[in-house]
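If you want the building blocks of each chain, they are given just below.
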Amino acid sequence: MATKTRPETLQWLGETDGCLRLIDQTLLPLECRQIDCPDVTAVWEAIKQLRVRGAPAIGVAAAYGVCVGLQTSANADRAVFDEQLKKTTAYLASSRPTAVNLFWALERMERVGMHDAARSSAERLAALLAEARAIHEEDRAMCHAIGEHGARLLASGDSVLTHCNAGGLATAEYGTALSVFFKAHEQGKKIHVFVDETRPLLQGARLTAWELMQHGVPATLICDSMAAQVMKEGRVQAVVTGADRIAANGDTANKIGTDSLAVLARAHGIPFYIAAPTSTFDTSIQSGEQIPIEQRQAEEITCGFGKQTAPDGVAVYNPAFDVTPAEYIQALITEHGVISPVNQKTIALHLSLAGEQA
Ligand code: MRU
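Our subject in this report is the structure included herewith. (Residues numbered from 1 in each chain as written. Predicted model: local features only at pLDDT ≥ 70, side-chain atom pairs only at ≥ 80, totals over all residues. Heavy atoms only, no water.)

### As for the overall build of the chain
Scanning the chain for helices and strands turns up 11 helices and 14 strands. The C-alpha atoms of the chain give 20 Å as radius of gyration, which agrees with the globular expectation for 358 residues (21 Å, within 12%). Here the C-alpha coordinates of the chain stretch approximately 65 × 55 × 40 Å along the principal axes. Per-residue burial over the chain gives 54% buried out of 358 residues. In the chain, of all internal contacts separated by at least 6 residues, the share reaching a separation of at least 24 is 75%. With an accessible surface of roughly 14,800 Å², the chain has 54% of that area assigned to carbon and sulfur atoms. Within the chain, one finds 31 positive and 41 negative side-chain charges whose respective centroids are separated by 3 Å. (Helix = DSSP H or I, 4+ residues; strand = E, 2+ residues; numbered from the N terminus. Rg over C-alpha atoms; globule rule 2.2 N^0.38 Å. Buried < 20%, exposed > 50% of the residue type's maximum accessible area, 1.4 Å probe, protein only. Contact = heavy atoms within 4.5 Å. Areas by Shrake-Rupley, 256 points an atom, 1.4 Å probe, with all protein chains shown as cover. Lys, Arg positive; Asp, Glu negative; His and termini not counted. Charge placed at Lys NZ, Arg CZ, Asp CG, Glu CD.)

So this is what it looks like as structure tokens:
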């Protein structure tokens, strides 16, 4: 596979007194620079500002963020450690609201940190770091498995369309939707990917195009508004995207613009797939109506990347995600296989079988 070497999306340096290093994705594709997060404020800021982004990567970053946040309590007594753990997880949980992987990872960390009253604070910090490393490793494995399952849905000669970035930059490595393309490509299938640029922050243009080119997967960049035209011209055989949160009934939150793609795919008779690990499912909520949608700053639209493109004072609405109804989703691809049709029953069965395997 022709992959140019690049640093890992996320790395933990050292032991319990170490720090989180990550690629600052706001600088890509012009510069691939790593930054260190020496304290929990830096981790929070990196998540908030999308220096690290994508649901699974946010979860991994937050898990390491808990370790960073507890370092100063390594010698503290139990009550102080407990309080700091609660404060740190609550703080990191306030960074972004939509991707459930963030809350999933923080809950896991809190469970491990609170477990076993007899341990010293230093031992509990060591257990937290081991858990963060496990979350990181599991995500790596899940991404590769998603790719294997998803690649079976693509035939040689297919051209697919994707939105936002669900690649190695959005995960521990390899990605979810992009993992499907990477695996198909590795298997020798001739596939081509249309990449939505993904307004307003251009994750498609800046990150997905960059990753696909690094892997040698043929890719063509389009503006989001061109999707209907390329579908009408018969150039798209499938749409595959990632997800930020999947409700019990299969309604799926992903980057703003995903829902319109699903509607278009339905209108053109094109299968629409979501690739996501089981850590992205939130069965505590029944439907997509309960998924919180992040609202972001107006400047991302009026002054994206430093150039003003709208009149001063214009009213702006900037939801970062939308929800695709389950009925538009042909299949969900997880690390355990493919869920189709997508409904509450098939999802519950898939997750319970997955739970038995774990
Ligand atoms: O705002 P972002 O860049 O964090 O949004 C990311 C997405 O919407 C991705 O498609 C999703 O998190 C899946 S990443 C494997």
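Back to the write-up after that little detour.
### A word on the packing of helix 2 (residues 55-70) against helix 4 (residues 100-114)
Their axes nearest at 7 Å, the elements helix 2 and helix 4 cross at an angle of 30°. With respect to helix 4, the axis of helix 2 lies roughly parallel. Judged by the twist between their axes, the crossing of helix 2 over helix 4 is right-handed. Contact with helix 2, carried on its side by Ala55, Pro56, Ile58, Gly59, Ala62, Ala63, Val66 and Cys67, involves Asn101, Leu102, Ala105, Leu106 and Met109 of helix 4 and no other residues of that element. (Axes fitted to C-alpha atoms, helices over the stretch in contact; angles between N-to-C directions. Parallel < 35°, antiparallel > 145°, perpendicular 65-115°, else oblique. Left-handed = near helix turned anticlockwise from the far one by under 90°.)

### Section: the packing of aromatic side chains
How two aromatic rings sit relative to each other is given by the distance of their centres and the angle of their planes. Tallied over the entire structure, the rule returns three aromatic pairs. For the ring pair Trp44 and Tyr91, a centre distance of 5.6 Å and an interplane angle of 15° mean the geometry is stacked. Highlighted residues: Trp44 in helix 1 (residues 40-48) and Tyr91 in helix 3 (residues 78-93), separated in sequence by 47 residues. Classification of Tyr91 as partly exposed rests on a relative accessible area of 28%. (Phe/Tyr/Trp six-rings, centres within 6.5 Å; stacked < 30°, edge-to-face > 60°.)

### So, the site of the ligand
Lining the immediate surroundings of the ligand are 19 residues, of which Arg53, Ala55, Arg96, Asn254 and Lys255 lie closest. Between the ligand and the protein, one listed contact pairs an oxygen atom with a backbone N or O atom of Ala55 at 2.8 Å. Between the ligand and the protein, one listed contact pairs an oxygen atom with a side-chain N or O atom of Asn254 at 2.7 Å. Protein contact buries 100% of the 420 Å² of open area that the ligand shows by itself. If you list the elements that add at least two residues to the shell around the ligand, you get helix 2 and strand 9 (252-255). Residue composition of the shell around the ligand, grouped by class: eight nonpolar, seven polar and four charged. (Near = heavy atom within 4 Å. Polar contact = N/O pair within 3.5 Å; in protein donor to acceptor, adjacent residues only side chain to side chain. Nonpolar A, V, L, I, M, F, W, Y, C, P; charged D, E, K, R; others polar.)

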